[in-house]
Every structure is written in structure tokens, then in C-alpha cells.
Amino acid sequence: MSCRTDLTDNQWNALQPHLPKNPQRGHPYSDHRRVINGILWRIKLGAPWRDIPKGYGP
């Protein structure tokens, strides 16, 4: 899924090194880029959380 609110590759490359790595115990994190893009979609459009497209995950 790609949307005009999604991070560009350059933005993602600048942000990615600052995000936490997967924990050594427990379950791995969801894909950070997908989650951040979902948050950006919601903020940009002002939609309720329940209306975020399924492609951005639960």
C-alpha cells in the first residue's frame, strides 16, 4: 500500500536508525514503517483510528 502521506525513502532512511530494534525476548515489533505510515495517514486526514486502511495493520 502506498499513499501520498507515506514516508519517502529518504525520510525513512533518516528515521530508521533512531527506532528500536526487535527485543531479544517476546514477540518482534510490527513493521515500523507500516505503523508510522498509518499514524501519518490518520493525522493528515483527521480520520478516526477505526477508519485507518487495513494495509497499515491493526
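Residues numbered from 1 in each chain as written. Predicted model: local features only at pLDDT ≥ 70, side-chain atom pairs only at ≥ 80, totals over all residues. Heavy atoms only, no water.

### Considering the overall build of the protein chain
Point 1. A count of helices and strands for the protein chain gives 2 helices and 0 strands.
Point 2. Based on the C-alpha atoms only, the size of the protein chain along its principal axes is roughly 35 × 25 × 15 Å.
Point 3. Within the protein chain, buried positions represent 22% of all 58 residues.
Point 4. Of the contacts formed within the protein chain by residues at least 6 apart in sequence, a portion of 40% connects residues at least 24 apart.
Point 5. One way to put it: in the protein chain the 9 positive side-chain charges average out to a point 6 Å from where the 4 negative ones average out. (Helix = DSSP H or I, 4+ residues; strand = E, 2+ residues; numbered from the N terminus. Buried < 20%, exposed > 50% of the residue type's maximum accessible area, 1.4 Å probe, protein only. Contact = heavy atoms within 4.5 Å. Lys, Arg positive; Asp, Glu negative; His and termini not counted. Charge placed at Lys NZ, Arg CZ, Asp CG, Glu CD.)

### A few points about a nonpolar patch on the surface
Point 1. A grouping of Val-35, Ile-39, Ile-43 and Trp-49 is seen on the molecular surface, where their side chains present a nonpolar patch of about 390 Å² in accessible area.
Point 2. Counting through the fold element by element, Ile-43 comes out in helix H2 (residues 32-45).
Point 3. Here Ile-43 falls in the exposed class, since its relative accessible area comes to 58%. (Patch = residues over 30% accessible without salt bridge, like charges linked within 9 Å, V, L, I, M, F, W, Y side chains within 5 Å. Areas by Shrake-Rupley, 256 points an atom, 1.4 Å probe, with all protein chains shown as cover. Salt bridge = Lys/Arg side-chain N within 4 Å of Asp/Glu carboxyl O.)

### Things to note about the side chain of Thr-5
Point 1. Inspection of the secondary structure assignment puts Thr-5 in the segment before helix H1 (9-15).
Point 2. Relative accessible area serves as the criterion here: at 12%, Thr-5 is assigned to the buried category.
Point 3. Those residues in contact with Thr-5 that sit more than four places away from it in its chain are Leu-40, Trp-41, Lys-44 and Tyr-56.

### Brief notes about H2
Point 1. Here H2 is 14 residues long and its end C-alpha atoms lie 20 Å apart, about the 20 Å a rise of 1.5 Å per residue gives.
Point 2. Phi turns positive one or two residues past the end of H2, at Gly-46, with a value near 70°. (Expected span 1.5 Å × (residues − 1).)

### Section: the environment of Pro-23
Point 1. Of note, Pro-23 is situated in the loop between H1 and H2.
Point 2. Under the relative-accessibility criterion, Pro-23 is labelled partly exposed at 31%.
Point 3. In sequence terms Pro-23 and Ala-47 are 24 residues apart; their C-alpha atoms lie 31 Å from each other.
Point 4. Contacts of Pro-23, omitting those with residues within four sequence positions, involve Pro-28 and Tyr-29.

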